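The primary structure of each chain is shown beneath.
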Amino acid sequence: VPTLAAGALSCSRPGAPPQGEASRVDTGGEGEWHRVRAAFDISPEIIDLSALLISSHPRPVREAIARHRRALDENPTLYLESNYRRNINRVLEAAARYLGARAGDIAVTDSTTAGLGLVYHGLRLREGQEFLVSEHNYYSTVESVRLASERTGARMRQYPLYRRSAAATASEMVDNLAAAVGPATRVVAVTWVHSSTGVKLPLRLMAGVLEEVNRNRDPADRVLLSVDAVHGFGVEDVEMDSLGCDFFIAGCHKWLFGPRGTGIVWASRRGWEAVLPTIPSFLDNSVRRASMAGREPAGRTTGQRFSPGGFKPYEHQWAMAEAFDFHREIGKAKIEARTHELSRQLKEGLAAMPHVRLYTPMAEELSSGVVCFDVEGMRPRAVVASLRRRNIVATTTPYSPTYARLTPSIRNSPKEIEAALRAIHELG
C-alpha cells in the first residue's frame, strides 16, 4: 500500500503477473492512488491524458533535481568532483534493479531518439546486410536507420506487421515477421508499443522467430532485435531476460516520470559485441587511459563505454535514480495493472459509442497505455481542441493517417476517464 511520507513513496512490491494478466493484480483503493497523484504538481484544473508525451516530475524526482542543482550552484567544481562517480553509479544501480539487469549493460543517454541514433550508427554492418524495419515505427527509428544505411552500405527494407490495428493478432505479427526476414537481414527494428495505433508487440514471440533463424547463422550474421521501448517503459512489468531483445532503447520522461532530457540503452551481450560507441565516454576510465597511452582500448563495448560523454545537466541525469525507485516502491506489477485498468475503461467506453472508431486492440497482451480513436465527422485536431476546451489534455498521432489519442497513467483516476468519455460522447 503506497503512502507518502517525508516526500517519498513507500510500499511493498507484489509479485509480477504473467504477461497479459495485469487485470488480476489488486490495484488497491482509490485513496492509495490519490496519494500517488498528490506527488505530482499537475494543475487540478486539467485532466492530463497525455502521458506518452512529457512527464510532470513526481515529488522525489523534483526534490532530487533541486538538491543537486542547489549544490552545483553553490560549489559546482567541488560537488561535481566529489559526487560524479557516486551519483552515476546510483543511477545505473537503480536502473538495473528496475530492469532486472546488470548495471554494466546499461548506457545513460538523453532521449529515445539519441539512443536510437547511437545504436544504429554504432552497429558493425557490412555492405549488403539489411535493416528490416516495420512500417509502424516512428520517424526517429526510420530516419536513424536511413542515415546509418547511407554510411554503412547496408540497406533498409520495410514491411507491415499487421493490416488492421484494432484486429491485429499476435500470430499475424509473428507470421509477418517470419515471412519478412531474409538471408541479408542483420537487424530487426521495431517499436514495442505503437504511438500511431496503441498496438503492443508480442516481443517474446517475435524474438523466438529470430532465435530459430539464428540457429543456422554465423555469429556475424545473426539477426539482432532492436526495440524502441519508450511507450511500454514505465508501464509494463517486465525484465530484460523475458523480452528476448538485443537492444532496449527508451527515454525516461514519459510513463517512467523521470527527469526530462534523460534516457537509457540496455543491450544483451550479443548486442554490445555488435556495436561501437559513437561519442567518447566519460564513464569508462579505461578508454581515457588507453587514449592517453596512445593505444586502442581493450575489451568489448559495455553500457558505460557506450554512454556519451560531455558535460550534462547533472541535476537531471542524477535524479534518474529517484524515478526508478519511485516506480519500484509503488510496485511495477501494480503500476502495470492500474494503467491497463484505466486504458481498458477508456477502450470499452469508446467502443460503445456509435460515432467513435477505436484503433487500439482490446486485448491487454496487445495494448498498453496508448488509446487511439476517431470521432465521426471530426478531424483529429478538432477532437483534441474540443477536449482541451473542456480542460482534458489529449494529443494527435504524428503519422498519416492521424488519429486522436488518449494516454492515461497512474496519475489519473477512473473519474477522470469517465469525464473524458462523457466529453467525447457529447461530440456525437
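Provided above is the structure to which this section pertains.
Keep in mind that what you see is a predicted model, and the values were worked out from it rather than measured.

Draft legend 1. Up close: the packing of helix α2 (residues 59–74) against helix α13 (residues 320–330). At a closest axis distance of 8 Å, the pairing of α2 and α13 adopts a crossing angle of 160 degrees. Here α13 runs roughly antiparallel to α2, going by the angle between their axes. Crossing geometry of α2 relative to α13 is assigned as right-handed. Residues Pro60, Val61, Ala64 and Arg67 of α2 lie in contact with α13, whose contacting residues are Glu322, Ala323 and Phe326. For the contact of α2 with α13, the class distribution of residues is five nonpolar, no polar and two charged.

Draft legend 2. Up close: empty space enclosed by the protein. Within the structure shown, the criterion is met by four cavities of 30 Å³ or more. Estimated volume of the largest cavity: approximately 80 Å³. Around the largest cavity, the lining residues are Tyr84, Ile88, Val108, Phe282, Leu283, Ser307, Pro308, Gly309, Gly310, Lys312, Tyr314 and Gln317. Mapped by element, the contributors of at least two residues to the lining of the largest cavity are α3 (76–99) and α12 (314–318). In terms of residue class, the lining of the largest cavity is made up of seven nonpolar, four polar and one charged.

Draft legend 3. Examining the pattern of salt bridges more closely. On inspection of all chains with the given rule, the structure shows 22 salt bridges. For Glu130, the salt bridge identified is with Arg157, shortest N-O distance 2.6 Å. Residue Glu130 is found in strand β5 (residues 130–134), and its partner Arg157 is found in strand β6 (residues 155–159); the two are separated by 27 residues along the sequence. Take Arg157: its relative accessible area is 28%, and that puts it in the partly exposed class. With its nearest N and O atoms 2.3 Å apart, the salt bridge here joins Glu364 to Arg344. Taken together, the positions of Glu364 in the loop between β11 (356–358) and β12 (371–375) and Arg344 in helix α14 (residues 332–351) put the pair 20 residues apart, joining distant regions of the chain. Residue Glu364 is classed as buried on the basis of its relative accessible area of 10%. Linked by salt bridges that have partners in common, Glu30, Arg338 and Glu341 make up one network.

Draft legend 4. Up close: the nonpolar core. Counting residues in each nonpolar core, the largest one holds 67 residues, and the members touching the most others are Phe233, Phe248 and Phe324. The dominant element in this core, judged by the number of residues it contributes, is α3, at eleven residues. Ignoring anything within four residues of it in the chain, the contact list for Phe233 reads Tyr98, Leu99, Trp192, Phe248, Ala250, Gly251, Cys252, Trp255, Leu256, Ile264 and Phe324. The next biggest cluster of nonpolar side chains, apart from the first, holds 25 residues, and it includes Leu49, Val383, Ala404 and Ala420.

Draft legend 5. Layout of the pairing of strand β10 (residues 263–267). With five of its five residues buried, β10 lies for the most part within the structure. Sheet analysis places strand β4 (residues 106–109) next to β10, joined by four bridges and oriented antiparallel. Within the sheet, the bridge partner assigned to Val108 lies in β10 and is Ile264.

Draft legend 6. Inspection of the sheet that holds β11 at higher detail. Taken together, four strands build an open sheet; the order of strands is β11-β12-β15-β14 and the sheet is antiparallel. At either margin of the open sheet sits one strand with a lone partner, and together these are β11 and β14 (395–396). For β14 and strand β15 (residues 404–406), the ladder comprises two bridges, and the chain directions are antiparallel. Among the inter-strand pairings, Thr395 is bridged to a residue of β15, identified as Arg405. Relative to β12, α14 is tilted by about 20 degrees, and along the sheet it contacts β11, β12 and β15.

Draft legend 7. Region of interest: the packing of aromatic side chains. Under the counting rule described, the total for this entry stands at 17 aromatic pairs. Here the aromatic rings of Tyr138 and Tyr139 are separated by 6.4 Å at their centres, their planes lie at 80 degrees, and the arrangement is edge-to-face. On the basis of relative accessibility, which here comes to 34%, the residue Tyr138 falls in the partly exposed class. Each member of the aromatic cluster is reached from another via a ring pair, and the members are Tyr79, Tyr84, Phe282, Phe311, Tyr314 and Trp318. Lying over the aromatic face of Phe40, Arg411 brings its terminal NZ or CZ to 6.0 Å of the ring centre.

Rules and cut-offs
Residues numbered from 1 in each chain as written. Predicted model: local features only at pLDDT ≥ 70, side-chain atom pairs only at ≥ 80, totals over all residues. Heavy atoms only, no water. Axes fitted to C-alpha atoms, helices over the stretch in contact; angles between N-to-C directions. Helix = DSSP H or I, 4+ residues; strand = E, 2+ residues; numbered from the N terminus. Parallel < 35°, antiparallel > 145°, perpendicular 65-115°, else oblique. Left-handed = near helix turned anticlockwise from the far one by under 90°. Contact = heavy atoms within 4.5 Å. Nonpolar A, V, L, I, M, F, W, Y, C, P; charged D, E, K, R; others polar. 1 Å grid on protein atoms, 1.4 Å probe; cavity = no way out; pocket = protein on both sides within 12 Å on 5 of 7 lines; lining within 4 Å. Points joined across faces, edges and corners; volume = space filled by probe spheres on them. Salt bridge = Lys/Arg side-chain N within 4 Å of Asp/Glu carboxyl O. Buried < 20%, exposed > 50% of the residue type's maximum accessible area, 1.4 Å probe, protein only. Core = buried A, V, L, I, M, F, W, Y, C linked by side-chain atoms within 4.5 Å. Pairing = 2+ DSSP bridges. Phe/Tyr/Trp six-rings, centres within 6.5 Å; stacked < 30°, edge-to-face > 60°. Lys NZ or Arg CZ within 6 Å of the ring centre and 35° of its normal.

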